[in-house]
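For reference, the chains in residue letters:
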Amino acid sequence: NAYTNEAPSHKDGVSAPNYFCRRKQASELERMALLSSAQRCALKGRITAFKPCAPVISGRSRKALAVHAVSDDAFAAYKPTVAALFPGQGAQSVGMAKDLVAEVPAAKELFDKASEILGYDLLKLCVEGPKDKLDSTAISQPAIYVASLAAVEKLRATEGQAAIDAIDVAAGLSLGEYTALAFAGAMSFEDGLRLVKLRGESMQAAADAQPSSMVSVIGLDSAKVAELCKAATAQVGEDKPVKIANFLCTGNYAVSGSKEGCDAVEKLGKSFGARMTVRLAVAGAFHTEYMSPAVEKLRAALAATTLVTPRIPVVSNVDAQPHSDPAAIKDILSRQVTSPVLWENTIKTLQEKGLTKSYEIGPGKVIAGIVKRMDKGANIVNITA
């Protein structure tokens, strides 16, 4: 089965969905044939070494981290035209995927497979809730991952395989990076789901171990938000810091850290010129050192998981660059939970490189809103779950 690690299933006469090539069985020549001409040239050493672009974030903020490796530059000269963009935690809502599974049999099959792996009825939780359970980090992450890949089947059913084949770059917001990697064939659906399950559970445990929070700051640029974080930290103490965790787009940044620090951000926001601050309904301070307890388990699980070079570039949240070396991808994924999400840089880079169309694939329309805010004329289509 090209989509999973298993032989094709013919349960109820329906074969498992086929997203990508049989990478494990493919010879090197077959693998090369599946790549674009630019990627083939890169693999043959004709493209110069990988050089990360300058981040758009403030110099006072955490700089993008770049991973350099001889075998990690296959996508160094990628030129995106059509992107698949996958949502992260927070996109879930009770009722999602109900119409999707009714209309697309392949989507229903993915949920059935997921329920076998997870040990509970994921589709029932998505459709019926309860909301507090679906919103929990341990449940929402697998739910969004599966719903998003199920929505890919909706795209295939409505626009044909040609629409899937036209996508030449992928990216995902935080959790969505795992979805993007599965879509691009770097990992199987099952392995990705197991990793996402562990990620959600480990992040929930880290949040439970040490109270922390997140606040969305609206109406300021990143430099001003960094100043606000510095002032809030000074007010509550250096042992209770806050920092920018999600660089979403200009005027929309998520701050993450201690609960006291987040309280201070809310109190000081207006004085720094923020239009508003909104406390986020998340378990804890994602993408900061507060999530450090989750890293060890995630790193061990990644080490035991088979990853291969993605068939298309997948842009990392950590450094806003695509990576081709599976070892580098594993390292980045393990660091992602404690590193800021450079989504603003990712979208800006794609747009500057010539992106002409995007699909937001999965529940919600958060990504489309961000993309439109950065470029009102952007061509982005929602394939909702």
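What counts as what
- Residues numbered from 1 in each chain as written.
- Predicted model: local features only at pLDDT ≥ 70, side-chain atom pairs only at ≥ 80, totals over all residues.
- Heavy atoms only, no water.
- Helix = DSSP H or I, 4+ residues; strand = E, 2+ residues; numbered from the N terminus.
- Buried < 20%, exposed > 50% of the residue type's maximum accessible area, 1.4 Å probe, protein only.
- Areas by Shrake-Rupley, 256 points an atom, 1.4 Å probe, with all protein chains shown as cover.
- Pairing = 2+ DSSP bridges.
- Contact = heavy atoms within 4.5 Å.
- Axes fitted to C-alpha atoms, helices over the stretch in contact; angles between N-to-C directions.
- pLDDT = per-residue confidence, 0-100.
- Parallel < 35°, antiparallel > 145°, perpendicular 65-115°, else oblique.
- Left-handed = near helix turned anticlockwise from the far one by under 90°.
- Core = buried A, V, L, I, M, F, W, Y, C linked by side-chain atoms within 4.5 Å.
- Phe/Tyr/Trp six-rings, centres within 6.5 Å; stacked < 30°, edge-to-face > 60°.
- Lys NZ or Arg CZ within 6 Å of the ring centre and 35° of its normal.

Student: Please explain the overall build of the protein as it appears in this structure.
Tutor: The helix and strand tally for the protein stands at 16 helices and 9 strands. Sorting the 385 residues of the protein into buried and exposed places 56% on the buried side. Carbon and sulfur atoms form 53% of the exposed surface of the protein, whose accessible area is close to 15,600 Å².

Student: Looking at this structure, how should I read the sheet that holds strand β7 (residues 314-315)?
Tutor: As a general point, the strands of a sheet are linked pairwise by backbone hydrogen bonds and lie either parallel or antiparallel. Pairing is parallel in the open sheet, where 5 strands are placed in the order β7-β2-β1-β8-β9. Bordering the open sheet on either side are β7 and β9 (380-383), each of which pairs with just one other strand. Bridge count between strand β8 (residues 357-361) and β9: 4 bridges; the pairing is parallel. The residue bridging Y359 from the neighbouring strand is V381, located in β9. The sheet contacts of helix α7 (residues 137-159) involve β1 (82-86), β8 and β9, and relative to β8 the element is tilted by about 130°. On the sheet, helix α15 (residues 343-352) packs against β1, β2 (169-172) and β7 and is oriented at approximately 160° with respect to β2.

Student: I keep staring at the sheet that holds strand β4 (residues 242-249) and nothing clicks. Help me out?
Tutor: In spatial order, the strands read β4-β5-β3-β6; together these 4 strands make up an open sheet with antiparallel pairing. Unpaired on one side and paired on the other, β4 and β6 (276-279) mark the two borders of the sheet. Ignoring strand direction, the axes of neighbouring strands in this sheet form an average angle of 25°. Across 7 bridges, strand β3 (residues 212-218) lies against strand β5 (residues 252-258) in antiparallel orientation. Across the sheet, S213 pairs through a bridge with G257, a residue of β5. Contacts from α15 reach β4 and β5, with the element oriented near 25° to β4.

Student: How do you make sense of the confidence of the model for the protein when you look at a structure like this?
Tutor: Detailed reading of the predicted model is not advised wherever pLDDT is low. Mean pLDDT over the protein stands at 86; residues scoring 70 or higher make up 82%. Confidence over residues 1-70 falls short of pLDDT 50; this stretch has 144 contacts with residues more than four positions distant or in other chains.

Student: Whenever I open this one, the packing of helix α4 (residues 105-118) against helix α10 (residues 189-209) confuses me. Can you help?
Tutor: Two measures define how a pair of helices packs: the angle their axes make with one another and the distance between the axes. Running from N to C, α4 and α10 point in directions that differ by 50°, and their axes come no closer than 10 Å. With respect to α10, the axis of α4 lies oblique. Judged by the twist between their axes, the crossing of α4 over α10 is right-handed. Together, L110, K113, A114, I117 and L118 of α4 and F189, E190, L193, R194 and K197 of α10 make up the contact between the two elements.

Student: Which parts of the structure should I look at to understand the nonpolar core?
Tutor: Note that soluble globular proteins tend to have their nonpolar side chains buried in a common cluster. F111, F183 and I361 are the most contacted members of the largest nonpolar core, which has 72 residues in total. The residues contacting I361, other than those within four sequence positions of it, are A84, L85, F86, P87, S148, A151, V152, L155 and I383.

Student: Mind showing me how you'd approach the packing of aromatic side chains here?
Tutor: Each aromatic ring pair is characterised by the separation of its centres together with the angle its planes make. This structure, assessed with the given rule, holds 3 aromatic pairs. Between F86 and F183, the ring centres sit 5.7 Å apart and the planes meet at 55°, which makes this aromatic pair tilted. You can see F86 sitting in strand β1 and its partner F183 sitting in helix α9 (residues 176-183), a full 97 residues away along the chain. As far as the burial class goes, F86 and F183 line up, both buried. The side chain of R311 reaches across the aromatic face of F183, ending 5.0 Å from its centre. One cation-aromatic arrangement involves K353 over Y78; the distance from NZ or CZ to the ring centre is 4.7 Å.

Student: Would you take a moment to explain the packing of α7 against α10 for this structure?
Tutor: Packing of α7 against α10 leaves a shortest axis separation of 7 Å and a crossing angle of 155°. The angle between α7 and α10 places the two elements in the roughly antiparallel class. Crossing angle aside, the handedness with which α7 passes α10 is right-handed. When α7 is examined against α10, the residues T137, A138, Q141, P142, Y145, V146 and L149 are found in contact with a partner set consisting of F189, G192, L193, V196, K197, R199, G200, E201, M203 and Q204.

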